Amino acid sequence: MNPSPARRLAWSLWALAIALGVVASVFLVLGWRTPLPAGTFGFRGFTLIFVVVFPTVGAVVASRRPGNPIGWMFLAVGVLSAVQELAQDYAVYAVLTEPGALPGGTVAAWVPAWIWVPATSLVAVFLFPIFPTGALPSRRWRVVPVIGAVGVIVASAGLALTRGPLENFSVLENPFGVLDVSGTPALVYLLGLPLYTAAALAGASSLVVRYRRAGGDERQQLKWLASSGLLVAVTLSLSFLTVGVGAQRGPQESPTSDALETLVILSFATVPVAVGIAILKHRLWDIDVVISKAVAVGLLAAFITLVYVGIVVGVGAAIGSRGNVLLSGVAAAVVAVAFQPVRRRAQRLANRLVYGERATPYEVLAEFSARLAGSYSLDDVLPRMARVLAEGTGAARVTIWLRTADAHRPAVTWPAGADPAPLDPAFEVRHQGELLGAISVAMPPNEPLTPTQEDLIRDVAAQAGLVLRNVRLIEDLRASRQRLVAAQDEERRRIERNIHDGAQQQLVALAVKARLADSLVGGDDERAHEILAELREEMGRALDDLRDLARGIYPPLLADEGLASALQAQARKAPVAVTVDADAVGRYPPEVEAAVYFCVLEALQNAAKYAPGSRVIVRLWPEDRELRFAVEDDGPGFDPNSTPLGAGLRNMADRLDALGGSLEIRSATGSGTVVEGRIPVRGDGG
């Protein structure tokens, strides 16, 4: 069905229901003061609430979701309810208020006796199995609407055709009664009500099955309908309890039932509203809060009612004093004293019903410790820690932040894919006094963190310090590996450029000159000798360039004579004054000597670049099974806390870290710079 015709049809049915309701209201007003016969529903005009709510929601849903039959079912409920109310009010006026003034009063009274069955079945029998998608959960559920349809037809026919007083109008006999209530055919018709009830219960059970299979939006949609059903159950329970109180106290002191009947009818009217919100997906995710608060209020109302019934009715009946003012005061005092503790427990129970079982702080800490002790990788620990905290506190989102430099970045958020919880406020995570990160928690609306939950998060944060340190170490290791790979690639490219731009070009030029000299032999010997002399000079320069290039890869002097000689040779070439103090060191493994050599060269280059004209002292010495070095200049210095490490210093740190060593930078503005490193070695050298 195209959207435009569907929209027109939907709002036409809505207009029909409202028009019938307006006419029914006229007859309701005309016969308002007429006493109703026994057996007639006491709250007059109650169906008008359905006439307004059901078709309105149905028209909105049908016009926006024409393919979903639920909207059309609500429109049908509205029209049938309007017919029922009009027939009932017309019959009261034509039969009781002004007898004989209007024709067809008996037939009008006959309509409400049976029409309520198909009207209510559209919700109680046929809505539940197809909510919210408009389709059955599976093909196996097709039997439910079939049984429901049979039950509706049989029950409607039985109520419409059985002899005797009319339903809801006992002063009139059924004008179409052809079946004897004691006969077999009538019993067959009356079996429709059990079928109707069985189909309704099966439809309700289909919601449970669908909820267990559903996820995401569909589960939230089902919660909207469940919240409406919960409200209906609470109001009905209160109505039954109050009726019991009224029966104990006697008719003259019975509470007014109209208000409770109105409340019950209004609770039924919330069903289409909840269904409409669910289908149109308007503010779906707030339903958990609605259900939680509704459950808490319902539990409080039940508690107050039970206290009143137990003290005023129970104790009053035991001592033979009903309606005693003293007992009412005692009941009020008990409610006042116990209200706050009961409210807290009711809210806790409501949260458990809505959000599920929440672990105690001890359980959360125990599970967290078990996760740390297990064989999970660090990539698993942070998500599991966030999930454990969310389950223990009922938080909507939990984010674990890692501190990098002077800022925090979100490492993981639970549930996965959600936006990070706000960092302010947050619970700091420290290890040995160092700030490593934070834990932030976003609670559901209207459910702030309790002191117990805050203590729980602090306890978990206290244990999470070692985890975050390990995570950061692993991230630093990964970053250093990436930098090492990048540095190696860059070094290979540099060597390739040097070979291409230097030695290769020189060799090409030598080859050209050699061919030229060969062509001149025998013709211009003098010129040939000049070219050969130039070739000898250029070959010497090319050899020097190749040696310099080789020294950049691994200096031959370092391999032959060790660190002291290699560094002293480089000191003589440095653009700044360099003193080398390395007399106490001997020979070490090649990888150790290479790491120290290139770190010192990098430090000398930095000194020449950032502290030109300064004096530099290079010291090497063995200490505690470590080889240590320091490069100290008397230049302008800098503030390490505000100046990020450059690529050169990072490469130095990565070189040393790869061998288990470390690098330390000490500097201050106007006080020079000291670059000190250490590498563990098997011996002292020598």
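Structure report, in brief. This one's a predicted model, so the numbers in the text were calculated from it and none came from an experiment.

Structural notes on the overall build of the protein chain
Argument step 1. The number of helices and strands found in the protein chain is 22 helices and eleven strands.
Argument step 2. Looking at the protein chain residue by residue over its 686 residues, the buried ones come to 40%.

Quick notes on the sheet that holds strand β11 (residues 673-680)
Either a parallel or an antiparallel arrangement is found when strands of a sheet pair, and the pairing is made through backbone hydrogen bonds.
Argument step 1. An order of β7-β8-β9-β11-β10 is seen for the five strands of this open sheet, with the pairing classed as mixed. Sheet topology places β7 (577-581) and β10 (662-667) at the edges, where each strand pairs with a single neighbour. Neighbour-to-neighbour, the strand axes of this sheet turn through a mean angle of 15°, independent of strand direction.
Argument step 2. Strands β7, β8 (615-623) and β9 (626-633) of the sheet are contacted by helix α20 (residues 563-573), whose axis makes an angle of about 170° with β7.
Argument step 3. Set on the sheet, helix α21 (residues 590-610) makes contact with β7, β8, β9 and β11; between it and β9 the angle comes to about 10°.

Considering the pattern of salt bridges
Argument step 1. Enumeration according to the criterion identifies seven salt bridges in this entry.
Argument step 2. With its nearest N and O atoms 2.9 Å apart, the salt bridge here joins E593 to R587.
Argument step 3. Classification of E593 by relative accessible area gives buried; the value is 1%.
Argument step 4. By relative accessible area, R587 is classed as partly exposed at 35%.
Argument step 5. The partner of E626 in a salt bridge is R678, and the shortest N-O contact between them spans 3.8 Å. One end of the pair, E626, is in strand β9; the other, R678, is in strand β11, with 52 residues separating them in the sequence.
Argument step 6. According to the relative accessible area criterion, E626 is buried, its value standing at 18%.
Argument step 7. Overall, the relative accessible area of 26% leaves R678 in the partly exposed class.
Argument step 8. A single salt-bridge network, built from bridges that share partners, covers E623, E626, R628 and R678.

Topic: the side chain of T399
Argument step 1. Secondary-structure assignment places T399 in strand β3 (residues 397-404).
Argument step 2. Judged by relative accessible area, which is 0%, T399 ranks as buried.
Argument step 3. One polar contact links the side chain of T399 to the main-chain amide nitrogen of A421, over a distance of 2.7 Å.
Argument step 4. Contact partners of T399, with chain neighbours within four places excluded, come to P410, V412, T413, P420, A421, A438, I439 and S440.

A word on the side chain of E626
Argument step 1. A polar contact is formed between the side chain of E626 and the side chain of R628, at a distance of 3.3 Å.
Argument step 2. When sequence neighbours within four positions are dropped, the list of residues in contact with E626 reads W621, R678, I679, P680 and V681.

Some thoughts on the packing of aromatic side chains
Argument step 1. Applying the stated rule across the entire model yields eight aromatic pairs.
Argument step 2. With 5.6 Å between their ring centres and 75° between their planes, W11 and W14 make a pair best called edge-to-face. Of this pair, W11 and W14 both sit in helix α1 (residues 3-30), three residues apart, roughly one helical turn.
Argument step 3. Classification of W14 by relative accessible area gives partly exposed; the value is 27%.
Argument step 4. With centroids separated by 5.2 Å and ring planes inclined at 80°, the aromatic side chains of Y597 and F598 adopt a geometry described as edge-to-face. Just as Y597 is buried, F598 falls in that class too.

A short note on helix α22 (residues 647-658)
Residues three or four positions apart in an α-helix share a direction because the helix packs 3.6 residues into each turn.
Argument step 1. Between its terminal C-alpha atoms α22 stretches 16 Å, which fits the 16 Å expected from twelve residues at 1.5 Å a residue.
Argument step 2. All of the buried residues in α22 are G648, L649, M652, D654 and L656.
Argument step 3. Looking one or two residues beyond α22, the residue adopting positive phi is G660, at roughly 85°.

Brief notes about the pairing of strand β2 (residues 169-173)
Argument step 1. When strand β1 (residues 165-166) meets β2, the two strands line up antiparallel, connected through two bridges. Within β2, the position partnered with P165 by the bridge is E173.
Argument step 2. Counting the residues between successive antiparallel strands, the hairpin from β1 to β2 contains two residues, one of them, N168, with a positive phi of roughly 70°.

Rules behind the numbers
- Residues numbered from 1 in each chain as written.
- Predicted model: local features only at pLDDT ≥ 70, side-chain atom pairs only at ≥ 80, totals over all residues.
- Heavy atoms only, no water.
- Helix = DSSP H or I, 4+ residues; strand = E, 2+ residues; numbered from the N terminus.
- Buried < 20%, exposed > 50% of the residue type's maximum accessible area, 1.4 Å probe, protein only.
- Pairing = 2+ DSSP bridges.
- Axes fitted to C-alpha atoms, helices over the stretch in contact; angles between N-to-C directions.
- Contact = heavy atoms within 4.5 Å.
- Salt bridge = Lys/Arg side-chain N within 4 Å of Asp/Glu carboxyl O.
- Polar contact = N/O pair within 3.5 Å; in protein donor to acceptor, adjacent residues only side chain to side chain.
- Phe/Tyr/Trp six-rings, centres within 6.5 Å; stacked < 30°, edge-to-face > 60°.
- Expected span 1.5 Å × (residues − 1).

Just distances and angles here, no functional claims.
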